[in-house]
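# A look at the structure
If you want the building blocks of each chain, they are given just below.
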Amino acid sequence: MSFTCNVCGCSTSGRVLVRGDGVKVLFCSRCDMGVIENIPEDTSVFYEDTYYGASGAEEVGYHDYEFTADHSLLWVRLAIEALYPSGRVLDIGCANGHLLRSLSGDYQRFGIEVNATAADVARQRGVDIVGSDVFDAALSEGRVGRFEVITSIATFEHVNDFKAAFEVSLGLLADEGVMIFEVPLLSDTRDNKDWLNASYEHVFYPTVRGLEELFKQFPDYRFMGFESEIAGYSSTYIGVAARHPEAFERVGTLFEAMVLASPLGLPAQEASINLAYNVVHSFNVTADRILALPALIERANSVNLTKRLAQLWHADRVAAENSLNERANAVWYAQQAANWEAAWGELNRDYDDLRKTNALLFEQTQQRSD
Ligand SMILES: [Zn+2]
């Protein structure tokens, strides 16, 4: 078994994890980047039409793509609109063009999509499909222009050359362009069940250390990112890259606002990104964030947003009701314990009385027999 780390080139693997389907994930002994044992030559076979609207729970992919896309991509949409109110946007792995179509502004919308049916739908929605994947010859031959914004949400883990996919994508950025990406993260502290027991089409298993090593391979670019903790779900890593210091600073400021503990006091645009990310995407709801929700609804109201908020509210309410029941149970058990204690005390007193009577009787018997 030969191993060469895609990121740092090291030739020894360290720890090994085994996925639910039995496939081994090997981690580089030096940088801890993870990859499946046998990298497939062609990964497009994973993305047949069922991937985007799979009906059986055991099938890979997204069940209700539009709804999922609406709540997992809303923060991306709002971040793009805040960074560049107009310009050329490329979405790598654009599926049916959902994210690009949702952008409100004067944009030129470009996409890369491996699934022909999804790509056709995106085209009908006004997306210029420039390739089937990042390694498409049309991109490497420079026939495609440079982009102010490139997004790659949940796509790089699917390719068979992670580092090269980054390299090609960064090369497509305009001088002041920014790339926003999200990949699954094998967390050091949180449960990785969703990555190890599902999503068997993934090839790469990034870790924070592996990604930091990757960033070092591109010294002309600045990177920042963080572990994104989606409540009840395994972690992802959200990152940005830019070459130009000013562009990097702008996106850095935006990301800081996005993860702030409280959106209260933020300008409306930043507050809505904070809410789209924390409430709608990650379900990390706080009292402040609920109070600020009208800022998001004003900007991005839709039936799917209402559906998502109702879903989250319901989950929270169920948890609250469960804890109320638990509290009622605890009160009942406390009362039972007190009842038993009282009964025990009474028994003890009766026992003491009996003992005293017994002792007295014994004494009297002794006296008589003397
Ligand atoms: Zn490595």
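Above: the structure in question.
Residues numbered from 1 in each chain as written. Predicted model: local features only at pLDDT ≥ 70, side-chain atom pairs only at ≥ 80, totals over all residues.

### A few points about the nonpolar core
- Within the largest apolar cluster, 83 residues are counted, with the highest numbers of intra-cluster contacts made by Trp75, Ala79, Val89, Val178 and Ala276.
- Apart from residues lying up to four places away in sequence, tryptophan 75 is in contact with Met258, Ile273, Ala276, Tyr277 and His281. (Core = buried A, V, L, I, M, F, W, Y, C linked by C-beta atoms within 7 Å. Buried ≥ 20, exposed ≤ 12 C-beta atoms within 10 Å, placed from the backbone. Contact = placed C-beta atoms within 7 Å.)

### Description of the sheet that holds strand β9 (residues 204-205)
- Strand order in this open sheet of 4 strands is β1-β2-β3-β9, and the pairing throughout is antiparallel. At either margin of the open sheet sits one strand with a lone partner, and together these are β1 (13-18) and β9.
- Taken together, the 4 bridges between β1 and strand β2 (residues 24-28) define a ladder with antiparallel strand orientation. For serine 13, the partnering residue across the bridge sits in β2 and is cysteine 28. (Pairing = 2+ DSSP bridges. Helix = DSSP H or I, 4+ residues; strand = E, 2+ residues; numbered from the N terminus.)

### A word on the packing of helix α10 (residues 268-281) against helix α11 (residues 287-300)
- One can describe the packing of α10 onto α11 by two numbers: an axis separation of 8 Å at closest approach and a directional angle of 110°. Here α10 is positioned roughly perpendicular relative to α11, judged by the angle of their axes. Every residue of α11 that contacts α10 at Ala268, Ala271, Ser272, Leu275, Ala276, Asn278 and Val279 is listed here: Arg289, Ala292, Leu293, Ala295, Leu296, Arg299 and Ala300.
- Among the residues forming the contact of α10 with α11, the class breakdown is 10 nonpolar, 2 polar and 2 charged. (Axes fitted to C-alpha atoms, helices over the stretch in contact; angles between N-to-C directions. Parallel < 35°, antiparallel > 145°, perpendicular 65-115°, else oblique. Nonpolar A, V, L, I, M, F, W, Y, C, P; charged D, E, K, R; others polar.)

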